[in-house]
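Geometric and topological summary
Listed below, chain by chain, are the residues.
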Amino acid sequence: MAPQNIEEADETAAPRPRDGLFIRVYFGDGRHVGPGMIELLEAIRAERSILSAARRMGMSYRRAWLLVDEIGRNFREPVVETHPGRRGHGTDLTPFGERLIALYREIEQRSAAATRSAVEELRAALSPAGKAPETTREKAEG
């Protein structure tokens, strides 16, 4: 079965351990922006190259380019500006690309603050890593 979206397309990448709240903003028409897209834009900002950003994140150039293209098609204003042929530094974020990152990180921070106590309660209720709690059936059989 084909992946549902580009973010799920590369199943060969090693999963990164993550902790906390992760926000994906859906716009009601199938378009969205999520943590992987924002991380890619931040890597592009740091590397000034889609290829270097992809390498930094452990993804293929094709996957990175498809994500950048998807992000660019989602908004009226361009998110990145490419400079073909510029050796080593071929991509910059536009002012809107910078604003997109800032808005997403603001949503993320406000959401984390609003849910902090509930997340802490869930974390406190976790079983020790790798050990599932004994079920009622196992107790009765034991």
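Given the structure is predicted, the values throughout are model-derived calculations rather than measurements.

Points about the overall build of the chain
Tallying secondary structure elements over the chain gives five helices and four strands in all. The helix and strand sequence of the chain, counted from the amino end, reads β-β-α-α-α-β-β-α-α. Looking at the 142 residues of the chain, the share that counts as buried comes to 30%. Put simply, 51% of the contacts in the chain that link residues at least 6 apart link residues at least 24 apart. Of the accessible surface of the chain, which amounts to about 10100 Å², a share of 53% is contributed by carbon and sulfur atoms.

Describing the nonpolar core
In terms of nonpolar packing, the biggest core is built from 26 residues, with Leu40, Leu41, Val79 and Leu100 touching the most fellow members. Among the elements of the structure, helix H1 (35-47), helix H2 (50-57), helix H3 (61-74) and helix H4 (95-124) are those that each provide at least two residues to this core. When residues no more than four places from it in sequence are discounted, the contact partners of Leu100 are Val33, Ile38, Leu41, Ile71, Phe75 and Val79.

Side note on the packing of aromatic side chains
Under the definition given, this model contains two aromatic pairs. On the numbers, 6.2 Å between centres and 85° between planes, the contact of Phe27 with Phe75 is edge-to-face. Of the two residues, Phe27 sits in the loop between strand E1 (25-26) and strand E2 (32-33) while Phe75 sits in the loop between H3 and strand E3 (80-82), which places them 48 residues apart along the sequence. The partly exposed category is assigned to Phe27, whose relative accessible area is 40%. Among the aromatic residues, those joined into a ring-pair cluster are Phe27, Phe75 and Phe96.

Considerations on the pattern of salt bridges
Tallied over the full model, the rule gives eight salt bridges. Of the charged contacts, one joins Asp92 and Arg48 as a salt bridge, the two residues approaching to 2.7 Å between their closest N and O atoms. Pair noted here: Asp92 is in strand E4 (residues 91-93) and Arg48 is in the loop between H1 and H2, with a separation of 44 residues, a long-range link. Owing to a relative accessible area of 19%, Asp92 belongs among the buried residues under this scheme. Exposure remark for Arg48: the relative accessible area of 31% places this residue in the partly exposed category.

Some details on H3
The end-to-end C-alpha separation of H3 is 20 Å, in line with the 20 Å expected for 14 residues at 1.5 Å each. All of the buried residues in H3 are Arg63, Ala64, Leu67, Val68, Glu70, Ile71 and Asn74. On an axial view of H3, the arc spanned by its buried residues comes to 160°, and they lie on one face. Of the residues in H3, the exposed ones pointing more than 90 degrees away from the buried face are Arg62 and Arg73.

Regarding the confidence of the model for the chain
Mean pLDDT for the chain: 85, with 80% of residues reaching 70 or above. Per-residue pLDDT stays below 50 along residues 1-13; that stretch engages in 19 contacts with residues further than four places along the chain or on separate chains.

Some details on the packing of H1 against H2
H2 packs onto H1 with a crossing angle of 120° between their chain directions and a minimal axis gap of 8 Å. As the angle between them shows, H1 and H2 are arranged oblique. Judged by the twist between their axes, the crossing of H1 over H2 is right-handed. Here H1 contributes Gly36, Glu39, Leu40, Ala43, Ile44, Ala46 and Glu47 to the contact with H2, which in turn contributes Ile50, Ser52, Ala53, Arg56 and Met57. Partitioned by chemical class, the residues of the contact of H1 with H2 number seven nonpolar, two polar and three charged.

About the criteria used
- Residues numbered from 1 in each chain as written.
- Predicted model: local features only at pLDDT ≥ 70, side-chain atom pairs only at ≥ 80, totals over all residues.
- Heavy atoms only, no water.
- Helix = DSSP H or I, 4+ residues; strand = E, 2+ residues; numbered from the N terminus.
- Buried < 20%, exposed > 50% of the residue type's maximum accessible area, 1.4 Å probe, protein only.
- Contact = heavy atoms within 4.5 Å.
- Areas by Shrake-Rupley, 256 points an atom, 1.4 Å probe, with all protein chains shown as cover.
- Core = buried A, V, L, I, M, F, W, Y, C linked by side-chain atoms within 4.5 Å.
- Phe/Tyr/Trp six-rings, centres within 6.5 Å; stacked < 30°, edge-to-face > 60°.
- Salt bridge = Lys/Arg side-chain N within 4 Å of Asp/Glu carboxyl O.
- Expected span 1.5 Å × (residues − 1).
- Arc of directions from axis to C-beta.
- pLDDT = per-residue confidence, 0-100.
- Axes fitted to C-alpha atoms, helices over the stretch in contact; angles between N-to-C directions.
- Parallel < 35°, antiparallel > 145°, perpendicular 65-115°, else oblique.
- Left-handed = near helix turned anticlockwise from the far one by under 90°.
- Nonpolar A, V, L, I, M, F, W, Y, C, P; charged D, E, K, R; others polar.

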